[in-house]
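Each chain, written out:
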Amino acid sequence: MDRKEILGSPEYWTSKTQLELYGCAMKFMKDTGRDRTRLAEYLGVSKGYVTQLLNGDYDHRLSKFFELAIAFGYVPKIEFVPVAELLEEIVPVTEAQEEKWNEASERNEIKLSYTNNMYPHSCEEILKIAA
């Protein structure tokens, strides 16, 4: 899978967004001294739900995503840009970089979805592979 395919896949953007929400949740827990049980109480949900949230094992409606982000003290900022524009803005790649990217993809060093509760690379980490 090449860089263009990854950045054009819904799975990548879903995983990236879930990872960002996870980061907000972890920072909120640290800043407020809450563990999973106390976070569940704060959110008015079960501890199992919090575990799913922190393991990335969910796919919420946008309204729930916004509700959770706001509960953690954040407001999501969503911007829609053409994939081609994003590819050019982020990192213009040479043929050698594109080849390295494709090799990394073939070796399964680039993950698009959660596997065994492991989070995917961040956007920046993925782009470093091609550098």
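Residues numbered from 1 in each chain as written. Predicted model: local features only at pLDDT ≥ 70, side-chain atom pairs only at ≥ 80, totals over all residues. Heavy atoms only, no water.

Trainee: An account of the pattern of salt bridges is needed here, citing residue identities and associated values.
Mentor: One pass over the full model with this rule turns up three salt bridges. One salt bridge in this structure joins Glu20 and Lys16, with 2.4 Å as the shortest N-O distance. One end of the pair, Glu20, and the other, Lys16, are both in helix H2 (residues 10–32), four residues apart, so they sit about a helical turn from each other. Judged by its relative accessible area of 45%, Glu20 is partly exposed. (Salt bridge = Lys/Arg side-chain N within 4 Å of Asp/Glu carboxyl O. Helix = DSSP H or I, 4+ residues; strand = E, 2+ residues; numbered from the N terminus. Buried < 20%, exposed > 50% of the residue type's maximum accessible area, 1.4 Å probe, protein only.)

Trainee: Kindly report on H2, identifying the contributing residues and their values.
Mentor: Taking 1.5 Å of rise per residue, the 23 residues of H2 would be expected to cover 33 Å, and the 33 Å separating its terminal C-alpha atoms lies within 8% of that figure. Inspection of H2 places Tyr12, Ser15, Lys16, Gln18, Leu21, Cys24, Ala25, Phe28 and Met29 among the buried residues, and these make up the whole buried set. Positioned one or two residues after H2, Gly33 has a phi angle of 70°, which is positive. (Expected span 1.5 Å × (residues − 1).)

Trainee: I'd like a description of the confidence of the model for the protein chain, backed by residues and values.
Mentor: Here the protein chain shows a mean pLDDT of 76. Residues at 70 or above account for 73%. The element-level mean pLDDT for the protein chain is lowest in helix H8 (residues 123–129), coming to 47, with helix H3 (residues 36–43) highest at 95. Note that residues 111–131 has pLDDT below 50 and, in this model, 50 contacts with residues that lie over four places away or in other chains. (pLDDT = per-residue confidence, 0-100. Contact = heavy atoms within 4.5 Å.)

Trainee: Would you mind going over the packing of H2 against H3 in detail, with residue names and values included?
Mentor: Packing of H2 against H3 leaves a shortest axis separation of 11 Å and a crossing angle of 105°. Between H2 and H3, the crossing angle belongs to the class labelled roughly perpendicular. Residues Phe28, Met29 and Thr32 of H2 pack against Arg36, Arg38, Leu39 and Tyr42 of H3. Per-class residue counts for the contact of H2 with H3 are four nonpolar, one polar and two charged. (Axes fitted to C-alpha atoms, helices over the stretch in contact; angles between N-to-C directions. Parallel < 35°, antiparallel > 145°, perpendicular 65-115°, else oblique. Nonpolar A, V, L, I, M, F, W, Y, C, P; charged D, E, K, R; others polar.)

Trainee: An account of the nonpolar core is needed here, citing residue identities and associated values.
Mentor: It is characteristic of soluble globular proteins that their nonpolar side chains tend to be buried jointly. In this structure, Leu21, Leu39, Leu43, Val50, Leu53, Leu68 and Phe72 are the most contacted members of the largest nonpolar core, which totals 18 residues. Secondary-structure elements contributing two or more residues to this core are H2, H3, helix H4 (47–55) and helix H5 (62–71). The greatest single-element share of this core, amounting to five residues, is contributed by H2. Dropping the residues within four chain positions of it, Leu39 is found in contact with Phe28, Met29, Arg34, Val50 and Phe72. In this structure, Ile6, Leu7, Tyr12 and Leu87 belong to the second largest nonpolar core, which totals five residues. (Core = buried A, V, L, I, M, F, W, Y, C linked by side-chain atoms within 4.5 Å.)

Trainee: Quick rundown of the side chain of Ser9? Include the residues and the values.
Mentor: Structurally, the position occupied by Ser9 is in the loop between helix H1 (3–7) and H2. A polar side-chain atom of Ser9 sits 3.2 Å from the main-chain amide nitrogen of Tyr12. (Polar contact = N/O pair within 3.5 Å; in protein donor to acceptor, adjacent residues only side chain to side chain.)

Trainee: Please provide a residue-by-residue account of H5, values included.
Mentor: Lys64, Phe65, Leu68, Ala69 and Ala71 are the residues of H5 that are buried. Seen end-on, H5 carries its buried residues on one side only, within an arc spanning 160°. Summarising the geometry of H5, the exposed residues directed more than 90 degrees from the buried face are Leu62 and Ile70. Contact partners of the buried residues in H5: H2, H3 and H4. Note on H5: the residue one or two positions beyond its end, Gly73, has a positive phi of about 90°. (Arc of directions from axis to C-beta.)

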